[in-house]
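One letter stands for each residue in the lines below.
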Amino acid sequence: MAAWRRVPVGAGLVALGLLSGCSPVKLINAVTPDDTFALTRDVSFGPLPANQVDVYRPLGTPPAGGWPVVVFIHGGSWQKGSRDQYKFLGEALASRGIVLMSSSYRLYPEVSYPDFLPDSAKAVAYALAHAGRYGGNPRRVLVMGHSAGAYNAAMVALDDRWLAQQGHHITELAGWVGLAGPYDFIPLKDKSVQPVFHHPNVPPDSQPIVHASAQAPRTFLGVSNFDAQVNPDTNSGHLATKLESLGVPVIFKRYEGVDHLTLIGAFSRPLHRMAPVLDDVAAFVSSLPEATRKNGP
């Protein structure tokens, strides 16, 4: 349980990845079981190549009402990343009785803010409309993301413009999960991300914290105490405080022994002991009541 026992697991996998010429994610996915979930790949939720999800479904018979459904949005500074990198996450959540839809979205330089947000909203709208197809409960749908994907998840869950475009409303969500996300980042200092948000004219309404309201879904925010990429205090900390002041139920968890990347890696079997993020997120998702509003406008 001590930090000195957890951290070398991740360091060892990274070193192994470098030595073998294989990325740590590929190594993690390579040792992830294939027989603990049912996978449906390349499910289209829109007309564009990026409008697809991979669906990881628990085995067995769904409970009464159906399993919870999580739409996951990957990170990568809005410039890289892929939904098919997250087999380890799909396996982890499916093994806990949760359907995972790992989603793509258009990336920079093909698009810039806000054009990737309708893609994420369409993925969530697909889950709301078709959860039952995969044994899921359409009133227990959440959106979840890591890093840049947590930003997209926050905007879909808090800024009702995006789901409204799809004929839905944020109160149809049972909750949302943000891991190591940027939610309050003006002035934008990261030069690699500045073009994505039209620096120096970053729109004020691009910040998720601006859209926090009493209608926001129940919230889980997870951060690493050591995050050199996204400040956990000025982003997740500020957002948690604002949502709580509005009466929104918020769980804010800070983790030792992980960093910006291994926070999401800790969902995998090889890195699970680094931090209890899988246990905490699965408990949050599984405990949520149904959304207050049925699907549709």
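Residues numbered from 1 in each chain as written. Predicted model: local features only at pLDDT ≥ 70, side-chain atom pairs only at ≥ 80, totals over all residues. Heavy atoms only, no water.

## Notes on the overall build of the protein
Consideration 1: For the protein, the helix and strand inventory stands at 9 helices and 8 strands.
Consideration 2: A principal-axis box enclosing the C-alpha atoms of the protein has dimensions of 50 × 50 × 40 Å.
Consideration 3: Put simply, the protein has 297 residues, and 57% of those count as buried.
Consideration 4: By element, 56% of the accessible surface of the protein is carried by carbon and sulfur atoms, the whole surface being about 12200 Å².
Consideration 5: Of the side-chain charges in the protein, 25 are positive and 23 negative, and the distance between the mean point of each set is 4 Å. (Helix = DSSP H or I, 4+ residues; strand = E, 2+ residues; numbered from the N terminus. Buried < 20%, exposed > 50% of the residue type's maximum accessible area, 1.4 Å probe, protein only. Areas by Shrake-Rupley, 256 points an atom, 1.4 Å probe, with all protein chains shown as cover. Lys, Arg positive; Asp, Glu negative; His and termini not counted. Charge placed at Lys NZ, Arg CZ, Asp CG, Glu CD.)

## A look at the sheet that holds strand 3 (residues 67-73)
Consideration 1: With mixed pairing, 8 strands are arranged side by side in an open sheet as 1-2-4-3-5-6-7-8. This sheet does not close on itself; its edge strands, each paired only once, are strand 1 (37-44) and strand 8 (250-255). For this sheet, the mean angle separating the axes of adjacent strands, direction not counted, is 15 degrees.
Consideration 2: Note that strand 3 and strand 5 (residues 136-146) share 6 bridges and pair parallel. Across the sheet, the residue bridging to valine 71 is valine 143, located in strand 5.
Consideration 3: Of the strands in this sheet, strand 1, strand 2 (52-58), strand 3, strand 4 (99-103) and strand 5 touch helix 3 (residues 87-94), which is tilted by about 35 degrees from strand 2. (Pairing = 2+ DSSP bridges. Axes fitted to C-alpha atoms, helices over the stretch in contact; angles between N-to-C directions. Contact = heavy atoms within 4.5 Å.)

## Things to note about the packing of helix 4 (residues 117-130) against helix 5 (residues 148-158)
Consideration 1: As a packed pair, helix 4 and helix 5 sit with axes 9 Å apart at the nearest point and diverge in direction by 70 degrees. Considered as vectors, helix 4 and helix 5 are oriented roughly perpendicular to each other. As for how helix 4 packs across helix 5, the hand of that crossing is right-handed. On helix 5, the residues touching Leu117, Ser120, Ala121 and Val124 of helix 4 are Tyr151, Asn152, Met155 and Val156.
Consideration 2: Of the residues assigned to the contact of helix 4 with helix 5, the class counts are 6 nonpolar, 2 polar and no charged. (Parallel < 35°, antiparallel > 145°, perpendicular 65-115°, else oblique. Left-handed = near helix turned anticlockwise from the far one by under 90°. Nonpolar A, V, L, I, M, F, W, Y, C, P; charged D, E, K, R; others polar.)

## Focus on the pattern of salt bridges
Consideration 1: What the rule picks out here adds up to 11 salt bridges.
Consideration 2: A salt bridge links aspartate 54 to arginine 83; its shortest N-O distance comes to 3.2 Å. Taken together, the residues aspartate 54 in strand 2 and arginine 83 in the loop between strand 3 and helix 3 connect sequence positions 29 residues apart. By the burial criterion, aspartate 54 is buried, and arginine 83 matches it. (Salt bridge = Lys/Arg side-chain N within 4 Å of Asp/Glu carboxyl O.)

## A few points about the side chain of arginine 140
Consideration 1: With respect to the helices and strands, the residue arginine 140 is situated in strand 5.
Consideration 2: Buried and unpaired, arginine 140 has glutamate 290 as its nearest opposite-charge partner, separated by 6.3 Å.
Consideration 3: Side-chain polar atoms of arginine 140 contact the backbone oxygen of valine 285, separated by 3.4 Å.
Consideration 4: A polar contact is formed between the side chain of arginine 140 and the backbone oxygen of leucine 288, at a distance of 3.3 Å.
Consideration 5: Other than its neighbours up to four places away in sequence, arginine 140 contacts Gly66, Pro68, Val69, Ala174, Val285, Ser286, Ser287, Leu288 and Glu290. (Polar contact = N/O pair within 3.5 Å; in protein donor to acceptor, adjacent residues only side chain to side chain.)

## Remarks on the pairing of strand 8
Consideration 1: As defined by bridge partners, strand 7 (residues 218-224) adjoins strand 8 across 6 bridges and the pair is classed as parallel. Bridging from a neighbouring strand, threonine 219 pairs with valine 250 of strand 8.
Consideration 2: Crossover strand 7 to strand 8 through helix 7 (residues 233-245) is right-handed. (Right-handed = clockwise from strand over helix to strand, strands pointing away.)

## Focus on the packing of aromatic side chains
Consideration 1: One pass over the full model with this rule turns up 14 aromatic pairs.
Consideration 2: Ring centres 6.1 Å apart and planes at 70 degrees place the aromatic pair phenylalanine 116 and phenylalanine 197 in the edge-to-face group. On the criterion of sequence distance, the pair formed by phenylalanine 116 in the loop between strand 4 and helix 4 and phenylalanine 197 in the loop between strand 6 (175-179) and strand 7 is long-range, its members being 81 residues apart. Across this residue pair, the class does not change: phenylalanine 116 and phenylalanine 197 are buried.
Consideration 3: The rings of Trp78, Tyr113, Phe116, Tyr151, Phe185 and Phe197 are connected pair by pair, giving a single aromatic cluster. (Phe/Tyr/Trp six-rings, centres within 6.5 Å; stacked < 30°, edge-to-face > 60°.)

## Digging into the nonpolar core
Consideration 1: Core analysis: the largest hydrophobic core is formed by 57 residues, its most contacted members being Trp78, Met101, Phe116, Tyr151, Trp176, Phe197 and Leu239.
Consideration 2: For this core, the secondary structure elements donating two or more residues are strand 2, strand 3, strand 4, helix 4, strand 5, helix 5, helix 6 (161-164) and helix 7.
Consideration 3: Broken down by element, the residue count for this core peaks at 9 residues, all from helix 5.
Consideration 4: Not counting residues up to four positions away in its chain, the partners in contact with phenylalanine 197 are Trp78, Tyr113, Phe116, Tyr151, Phe185, Leu188, Val202, Pro203 and Ser206.
Consideration 5: The next biggest cluster of nonpolar side chains, apart from the first, holds 36 residues, and it includes Leu89, Met144, Leu278 and Val285. (Core = buried A, V, L, I, M, F, W, Y, C linked by side-chain atoms within 4.5 Å.)

## What about helix 4?
Consideration 1: An ideal rise of 1.5 Å per residue puts 20 Å on 14 residues; helix 4 measures up with 20 Å between its terminal C-alpha atoms.
Consideration 2: Among the 14 residues of helix 4, 11 are classified as buried, and the element is accordingly described as predominantly covered. (Expected span 1.5 Å × (residues − 1).)

Purely geometric stuff here, so don't read any function into it on its own.
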